[in-house]
Amino acid sequence: MIGDGPSVIVPLDNRILYFGRDRERFRFLSHFHSSPIVIDGEAWPTVEHYYQAQKSANPQYKAAIRAAVHPGLAKRLAAPPTSPRRVSQISWFRKHGEQPRADWHEVKLDIMRRADYAKFVQNGGLGILLLATGNAELVEDCPSEPFWGIGPDGTGLNWAGRVLMEVRDGLRVGPSSTPS
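Residues numbered from 1 in each chain as written. Predicted model: local features only at pLDDT ≥ 70, side-chain atom pairs only at ≥ 80, totals over all residues. Heavy atoms only, no water.

Draft legend 1. Fine view of the confidence of the model for the protein chain. On average, residues of the protein chain score 93 in pLDDT, and 93% of them are at 70 or above. In the model, residues 1–6 has pLDDT below 50 throughout and makes 15 contacts with residues more than four positions away in sequence or in other chains. (pLDDT = per-residue confidence, 0-100. Contact = heavy atoms within 4.5 Å.)

Structure follows, in structure tokens:
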């Protein structure tokens, strides 16, 4: 391992696998990490809470997501009602006979960009840690997540890591170059 900043030691392969392999030292990169954010005047306990809350404009839905005691519960409450029962068992949408917003797949990346940017700007110490990762590749090595992570065979899209690297690049340039 080589040092790349005062608080971060980047693995020798210059890849930070923050879901599994390097979780202990890089858990701050997770969307589940406790890092309050405020977006559009609304406070959220984690990026995950904010992200999941954007699946519907229904104020009751948003309140249920905000009140979730941990981000994993927020994620389960936000499960689409058409998901397998084991996934959607406590889905707010299933319980209330509603559907997530129709354009979700078109807007979810921009929503995550905005939330991650807020996290690393509003929680300055985390921004410093993100910058201290240097040019390391940030990888969500989650085996069950082929969109946000790398999936079971390592060929997933890693959008969670890619968005974090975009935010890191934006922080290097300055706040005006990243989402507001």
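Draft legend 2. Representation of the nonpolar core in the model. Ranked by internal contacts, the top residues of the largest apolar core, which has 44 residues, are I16, Y18, L29, I37, F120 and L138. Counting residues per element, the ones that place at least two in this core are β4 (37–39), α2 (47–53), α3 (59–67), α4 (71–77), α6 (92–96), α7 (104–122), α8 (124–131) and α9 (159–173). Looking at this core, the element that brings in the most residues is α7, giving nine residues. Setting aside its immediate chain neighbours within four residues, Y18 contacts R23, F26, L29, S30, L138, V139, E140, D141, A160, G161 and L164. (Core = buried A, V, L, I, M, F, W, Y, C linked by side-chain atoms within 4.5 Å. Buried < 20%, exposed > 50% of the residue type's maximum accessible area, 1.4 Å probe, protein only. Helix = DSSP H or I, 4+ residues; strand = E, 2+ residues; numbered from the N terminus.)

Draft legend 3. Local environment of the pattern of salt bridges. Inspection of every chain in the model, using the stated rule, returns 11 salt bridges. D13 is the partner of R21 in a salt bridge, and the nearest nitrogen-oxygen pair spans 2.8 Å. Note on R21: relative accessible area 43%, which makes it partly exposed. A salt bridge links R21 to D22, with the nearest nitrogen and oxygen atoms 3.0 Å apart. (Salt bridge = Lys/Arg side-chain N within 4 Å of Asp/Glu carboxyl O.)

Draft legend 4. Broad picture of the layout of surface pockets. When its volume is computed, the largest pocket comes out at roughly 1000 Å³. E48, Q52, K75, E145 and W148 are the residues nearest the centre of the largest pocket, which is lined by 35 residues in total. Put simply, the parts of the chain that give the lining of the largest pocket at least two residues each are α2, α4, α5 (85–88) and α7. It is α7 that contributes the most residues to the lining of the largest pocket, four residues altogether. Here the lining of the largest pocket is composed, by residue class, of 16 nonpolar, eight polar and 11 charged. (1 Å grid on protein atoms, 1.4 Å probe; cavity = no way out; pocket = protein on both sides within 12 Å on 5 of 7 lines; lining within 4 Å. Points joined across faces, edges and corners; volume = space filled by probe spheres on them. Nonpolar A, V, L, I, M, F, W, Y, C, P; charged D, E, K, R; others polar.)

Draft legend 5. Region of interest: the environment of D110. Mapping D110 onto the fold places it in helix α7. Distance in space between the C-alpha atoms of D110 and E48 is 14 Å, their sequence separation being 62 residues. At a separation of 2.9 Å, a polar atom in the side chain of D110 contacts the side chain of R113. (Polar contact = N/O pair within 3.5 Å; in protein donor to acceptor, adjacent residues only side chain to side chain.)

Draft legend 6. How the structure looks around the packing of α8 against α9. Look at α8 against α9: their axes get within 10 Å of each other, and the N-to-C directions meet at 100°. Here α8 is positioned roughly perpendicular relative to α9, judged by the angle of their axes. Across from G127, L130 and L131 in α8, the residues of α9 making contact are L164, V167, R168, L171 and R172. For the contact of α8 with α9, a count of residues per class yields five nonpolar, one polar and two charged. (Axes fitted to C-alpha atoms, helices over the stretch in contact; angles between N-to-C directions. Parallel < 35°, antiparallel > 145°, perpendicular 65-115°, else oblique.)

Draft legend 7. Representation of the packing of α7 against α8. Where α7 contacts α8, the axes come no closer than 4 Å and their chain directions differ by 105°. The angle between α7 and α8 places the two elements in the roughly perpendicular class. Along the contact surface, α7 presents K119, F120, V121 and Q122, while α8 presents G124, L126, G127 and L130.

Draft legend 8. Highlighting α3. Within α3, burial applies to Y61, K62 and I65. For α3, the arc enclosing every buried residue in end-on projection is 95°, short of the 170-degree limit, so these residues lie on one face. Among the exposed residues of α3, those oriented more than 90 degrees off its buried face are P59, Q60 and A67. Buried residues along α3 sit against β5 (42–44), α2, α4 and α6. (Arc of directions from axis to C-beta.)

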